[in-house]
Amino acid sequence: MNQTTGKSDSIKACLYIDPACPFGYSASPALRTIEWRYRDQIEWRLVMIALSEPGDPPKMKTGKLAANFVGMRDRHGMPFATEPKPRSATSERACKAIIAARILQPGFEWRVLRTLQLLNFNTPLLLDDDAGLRAALSSVSGLDYEAVMASLDSEPVKDGYLKDRAEARSAAGGPAEFQGKAATDDGGARYTAPSVVFSRGGTVLEVGGFQPVEAYDVIIANLGTDLKRHEPPEEPLEALSLYPGGLSTQEVAAIMTEGNDPQDRTGAERSLIGLLDAGKVKRIPMGHDAIWLAVR
C-alpha cells in the first residue's frame, strides 16, 4: 500500500485494523484486489485500533478462539493454524511495533503489520511477548528491528499509539455505527477491523468493518470515475510480481477473479503448483495453506 503524498486530488484511504483481529486478517483477499485494481491512485494510511491492553481480561479462551478460526479459514480462505496458543495475549505491544516502524521507517508499517498477522494466526507467536516480537520483526527485510524494539516505550511511540487509539474510537454517529459495524468500549464507538474511510476533496465515505470487495469498489467508483481500473492478471505470476512479500492462495485467486469466494481458488492453486514445478515460484507453508512468492 502507498504512503500519503499530499496530492489534493487523489483518493485517500485510512485503514483501521489490529494485528490480533482475525476479521481484519481475513479481509486480505479483498484488500489485495483493490490494491491490484487501483495501484498508486489510492494513498493509504494505517491506524491501529488497539483491541487489547495489559490487564484486559481475555475475551475468549484460546481453545475456543482457535476453533473459531476453522470457520474463518473455510469461509474466507486465508491461512490459519488451529492449534491453541499457550495463553491469551494482548495487542498493545504489537500495535506499538507497527507505529514505531511508521515513525522510524515510513512505509515499513505495512510490512510489519503483514508479518505480525501471518505469524499471529499461523504460529505460536504471542503479540505481547517482546522476545517473540523481536524474532518476528527480524524477518522483515530491510527493517531496523532492533531500533523498533528499542523505541516501543519511547514518548513518540506512546503518543502515536494514543492518537491511533483515539482516532479508532471516533465512529460515533457515522455510517459504520449506523450499519452496526462499530463496536463500543470505554473509549466510545470504535471502528472494527478492517474499516476503511475513503476521502477525496470534501467527500468522506466509510466502509465499516468486514465487507465484500464490492463495497470498497462502489465507494471508489463514486469518488472517481477518472481512475484507471486495471484488469485482473491472466496468470498468478503476474499477480505475484506486484507483491514481493508474497500472497496467499486465496489472495492470488481473488486478484485473478475479482472476487472473494474461496471456491475461486481451485484454478489459481493449480496454476501456482504448475509454476512451482517449473521453478518460477516458491511455496512457504503457512498454517493449512501457503504463501507464494515469485522467484526473482
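Residues numbered from 1 in each chain as written. Predicted model: local features only at pLDDT ≥ 70, side-chain atom pairs only at ≥ 80, totals over all residues. Heavy atoms only, no water.

## Here's the deal with the overall build of the chain
And step 1. On a plain count of helices and strands, the chain comes out with 13 helices and 9 strands.
And step 2. Taking 296 residues into account, the globule formula puts the C-alpha radius of gyration at 19 Å, and the chain, at 18 Å, falls close to it.
And step 3. In terms of its C-alpha atoms, the chain occupies a principal-axis envelope of roughly 50 × 45 × 35 Å.
And step 4. Evaluated residue by residue, the chain yields a buried proportion of 51% over its 296 residues. (Helix = DSSP H or I, 4+ residues; strand = E, 2+ residues; numbered from the N terminus. Rg over C-alpha atoms; globule rule 2.2 N^0.38 Å. Buried < 20%, exposed > 50% of the residue type's maximum accessible area, 1.4 Å probe, protein only.)

## Some points on helix H3 (residues 62-76)
And step 1. Taking 1.5 Å as the rise per residue, H3 with 15 residues should run 21 Å; its terminal C-alpha atoms sit 21 Å apart, in good agreement.
And step 2. By the burial criterion, the buried members of H3 are Ala66, Phe69, Met72 and His76. Projected onto a plane normal to the axis of H3, the buried residues spread over an arc of 105 degrees and lie on a single side.
And step 3. Turning to H3, the residues buried within the fold contact helix H1 (22-26), helix H2 (28-38), helix H5 (108-122) and helix H12 (249-257).
And step 4. Just downstream of H3, Gly77 is the residue with a positive phi angle, here 90 degrees. (Expected span 1.5 Å × (residues − 1). Arc of directions from axis to C-beta. Contact = heavy atoms within 4.5 Å.)

## Section: the environment of Pro233
And step 1. Looking at where Pro233 falls in the secondary structure, it is placed in the loop between helix H10 (213-223) and helix H11 (236-240).
And step 2. Measuring from C-alpha to C-alpha, the distance between Pro233 and Trp36 comes to 9.1 Å, with 197 residues separating the pair along the chain.
And step 3. Not counting residues up to four positions away in its chain, the partners in contact with Pro233 are Trp36, Glu238, Ala239, Ile255 and Met256.

## Quick notes on the sheet that holds strand E7 (residues 247-248)
And step 1. An order of E7-E9-E8 is seen for the 3 strands of this open sheet, with the pairing classed as antiparallel. The open sheet has two edge strands with one neighbour each: E7 and strand E8 (281-286).
And step 2. Pairing of E8 with strand E9 (residues 289-294), which is carried by 6 bridges, proceeds in the antiparallel orientation. Directly across from Arg283, in E9, lies its bridge partner Trp292. (Pairing = 2+ DSSP bridges.)

## Looking at the sheet that holds strand E2 (residues 42-48)
And step 1. One open sheet holds the 4 strands; their spatial order is E2-E1-E5-E6, and the pairing between them is mixed. This sheet does not close on itself; its edge strands, each paired only once, are E2 and strand E6 (203-207). Pairwise comparison of adjacent strand axes, ignoring direction, gives a mean angle of 20 degrees for this sheet.
And step 2. Examined bridge by bridge, strand E1 (residues 11-17) and strand E5 (residues 195-200) share 5 bridges and lie antiparallel to one another. Following the sheet pairing, Tyr16 is matched in E5 by Ser195.
And step 3. The strands that H2 touches are E1, E2 and E5; relative to E2, the one it contacts most, it runs at about 155 degrees. (Axes fitted to C-alpha atoms, helices over the stretch in contact; angles between N-to-C directions.)

## A short note on the pattern of salt bridges
And step 1. Under the defined criterion, the tally for this structure stands at 22 salt bridges.
And step 2. Put simply, Glu35 and Arg32 hold a salt bridge, and the shortest N to O gap is 2.9 Å. Separated by 3 residues within a single helix, Glu35 and Arg32 lie in helix H2, roughly one turn from each other.
And step 3. You can call Arg32 buried: its relative accessible area is 11%.
And step 4. Its salt-bridge partner being Glu251, residue Arg32 comes within 3.2 Å of it at the nearest N-O pair. One end of the pair, Arg32, is in helix H2; the other, Glu251, is in helix H12, and 219 residues separate them in sequence.
And step 5. Here Glu251 falls in the buried class, since its relative accessible area comes to 0%.
And step 6. Through salt bridges with shared partners, a single network forms among Arg32, Glu35, Arg114 and Glu251. (Salt bridge = Lys/Arg side-chain N within 4 Å of Asp/Glu carboxyl O.)

## As for the side chain of Thr33
And step 1. Assignment of secondary structure puts Thr33 in helix H2.
And step 2. Residue class for Thr33 comes out buried when judged on its relative accessible area of 2%.
And step 3. A polar atom in the side chain of Thr33 sits 3.5 Å from the backbone oxygen of Ala254. (Polar contact = N/O pair within 3.5 Å; in protein donor to acceptor, adjacent residues only side chain to side chain.)

## Comments concerning H5
Counting along an α-helix, one turn takes 3.6 residues, and residues three or four places apart therefore face a common direction.
And step 1. Between its terminal C-alpha atoms H5 stretches 21 Å, which fits the 21 Å expected from 15 residues at 1.5 Å a residue.
And step 2. Of all 15 residues making up H5, 13 are buried, and the element is well covered by its neighbours.

## Description of the nonpolar core
And step 1. Core analysis: the biggest nonpolar cluster contains 58 residues, and Trp44, Leu116 and Phe198 have the highest contact counts within it.
And step 2. Looking at which element gives the most residues to this core, the answer is helix H4 (residues 92-104), with 7 residues.
And step 3. Contact partners of Leu116, with chain neighbours within four places excluded, come to Pro19, Ala94, Ile98, Leu125, Leu127, Leu133, Ala136 and Leu137. (Core = buried A, V, L, I, M, F, W, Y, C linked by side-chain atoms within 4.5 Å.)

## Section: the state of the cysteines
And step 1. Following the criterion strictly, the structure yields 0 disulfides and no others.
And step 2. Not part of a disulfide, Cys14 finds its nearest cysteine sulfur in Cys95, a span of 14 Å.
And step 3. Accessibility expressed as a relative area gives 6% for Cys14, which makes it buried. (Disulfide = S-S within 2.5 Å.)

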